[in-house]
Amino acid sequence: MERQLERRREPEPVQYDRYMEDMWLVMKSERDRIASLPHVLKFNEMPWRQAAQCYWKHYVGYLPNERFKLAPLSGMTVSEQLLFRGSKSGKHRHFNEAVLFIVRGEGYEIHDDVKYPFEAGDIVSVPTFCVHQHFNAVQETDVQVFFATAAPVCHLLGIQSTEQLEMHPNYKFPEGAKPINGPDGKAIGYRSAEGVEIRFGERNTQLQKALESRQASRFTGEVTNTYDWYRKTLTEQVDWRSSPTVPHVVKAKDRPWEDTPMGRLKYLSHATVPSGLLLFDVFYQEIPPGGHSAKHRHVSEEVHKTLDGRGYDIHDGNRWDWEKEDVVFIPPNTTHQHFNADPHKSALFLAFQSRTYYYLGHGGIEHMEDASSWKG
């Protein structure tokens, strides 16, 4: 019997998907970029620049061209602003929350038409989507504000929105720009030298309608099922944002110092300290003359504003020197320790630490070595 030859199907060409490989390359590129960046930015080397909201020093932004540009953080923006004597910032609102530390001066905030006085040493919490404006109340000195926002987190989640409702009074058009005037002759925007049209005070009307609907959608019944828990949560969170019992200014003089294995600390914002913040812990640390903090590590990123003294940090074995007014950046998962280089004077800094990581299941601190001042 003649043998039949079986015809086999030609194998189909393999379809390659390089998603994982491309991701590895991007991650490596980011790690290399982060490793190349300084962990200390010198205050005197960063220029004051005019922005729509204020005059500022901008250390960390969230736009694609700002990611890992100057410093190795990506979960918060970090800036410093100046309010001239008797003047004010612009007025705006954004989806992200913000925390402001008053480095010097005194004044007040207007948050959703409510006034909140502040002085040097205080922190101001700006809850999500709060219309806010900063005022210098005196003619004798400028107000200097060190601040951070959670804008990168909101941008990643697809909900970031910033509306500039009023420019600051010292605002000047960029070079080559031509003003766009409204019916009353006042400037409502400008056309840049490149022909790009910018309008002041444009509101996100779609988002505004959504928020008004959320405020009107109140749940007042009993929670009898899982779905109702979500309805009740909406009402609770809307009420929290507008509650007069939520502190928008935390007074430094009202908070206690604590002696801890990390050293001498004063917390102004923490999960157990009421404020309008959900995504930031804020604390002072004082390091005694010639002393050092604990050595520890946490997943969350952190930034310091040096208020007094001089010293250095050790980050994963690398030394970073700092002095008064400098800004120190601690990337995620970095083993770090702070040292006071002055044998006669204490050092003091103010820290913002991101609380976002806690909600991702990566909170807490890995303690490795006690502070020099700890006697426990």
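For the structure, check the block above.
None of these values were measured; they are calculated from a predicted model. (Residues numbered from 1 in each chain as written. Predicted model: local features only at pLDDT ≥ 70, side-chain atom pairs only at ≥ 80, totals over all residues. Heavy atoms only, no water.)

Let us look at a nonpolar patch on the surface. Together, Y19, M20 and W24 line one region of the surface with nonpolar side chains, adding up to about 390 Å² of accessible area. By the secondary structure assignment, W24 is in helix α1 (residues 19-36). We classify W24 as exposed; its relative accessible area is 52%. (Patch = residues over 30% accessible without salt bridge, like charges linked within 9 Å, V, L, I, M, F, W, Y side chains within 5 Å. Areas by Shrake-Rupley, 256 points an atom, 1.4 Å probe, with all protein chains shown as cover. Salt bridge = Lys/Arg side-chain N within 4 Å of Asp/Glu carboxyl O. Helix = DSSP H or I, 4+ residues; strand = E, 2+ residues; numbered from the N terminus. Buried < 20%, exposed > 50% of the residue type's maximum accessible area, 1.4 Å probe, protein only.)

Before going further, it helps to spend a moment on the nonpolar core. Core analysis: the biggest nonpolar cluster contains 30 residues, and Y59, F329 and F352 have the highest contact counts within it. Among the elements of the structure, β3 (55-60), β6 (98-104), β11 (143-149), β19 (280-287), β21 (302-308), β24 (327-330) and β26 (347-354) are those that each provide at least two residues to this core. Counting 13 residues, the second largest nonpolar core, distinct from the first, contains Y116, V124, V126 and F147. (Core = buried A, V, L, I, M, F, W, Y, C linked by side-chain atoms within 4.5 Å.)

Right, let's talk about the pattern of salt bridges for a bit. A complete count under the given rule lists 24 salt bridges for this structure. With its nearest N and O atoms 2.3 Å apart, the salt bridge here joins K232 to E236. Taken together, the residues K232 and E236, both in helix α4 (residues 226-242) and four residues apart, mark about one turn of the helix. Of the residues examined, K232 reaches a relative accessible area of 32% and is grouped as partly exposed. Residue class for E236 comes out partly exposed when judged on its relative accessible area of 43%. Across the pair K345 and D308 runs a salt bridge whose closest N-O atoms are separated by 3.1 Å. Separated by 37 residues along the polypeptide, K345 in the loop between β25 (336-340) and β26 and D308 in strand β21 bring together distant segments of the chain. Where salt bridges share partners, they join E119, D122, K251 and K253 into one cluster.

A separate point is the pairing of β19. Burial of β19 is extensive: seven of the eight residues sit out of reach of the surface. Across five bridges, the pairing between strand β18 (residues 263-269) and β19 is antiparallel. Looking across to β19, one finds that K266 is bridged to Y284. Note: β19 against β26, eight bridges, orientation antiparallel. Bridge pairing links Q285 to F349 in β26. (Pairing = 2+ DSSP bridges.)

Before going further, it helps to spend a moment on unusual backbone geometry. Backbone geometry at F129 places phi at a positive 60°, although glycine is not the residue there. Judged by relative accessible area, which is 10%, F129 ranks as buried.

Before going further, it helps to spend a moment on the packing of aromatic side chains. Here the structure, examined in full by the defined rule, presents 17 aromatic pairs. Measuring from ring centre to ring centre gives 5.7 Å for F173 and Y190, while their planes differ by 65°; the resulting arrangement is edge-to-face. Of this pair, F173 sits in the loop between β12 (162-166) and β13 (178-181) while Y190 sits in strand β14 (residues 187-191), and the two are 17 residues apart along the sequence. Ring geometry for F173 against F200: centres 6.3 Å apart, planes inclined by 10°, an arrangement best described as stacked. One end of the pair, F173, is in the loop between β12 and β13; the other, F200, is in the loop between β15 (197-199) and α3 (205-216), with 27 residues separating them in the sequence. (Phe/Tyr/Trp six-rings, centres within 6.5 Å; stacked < 30°, edge-to-face > 60°.)

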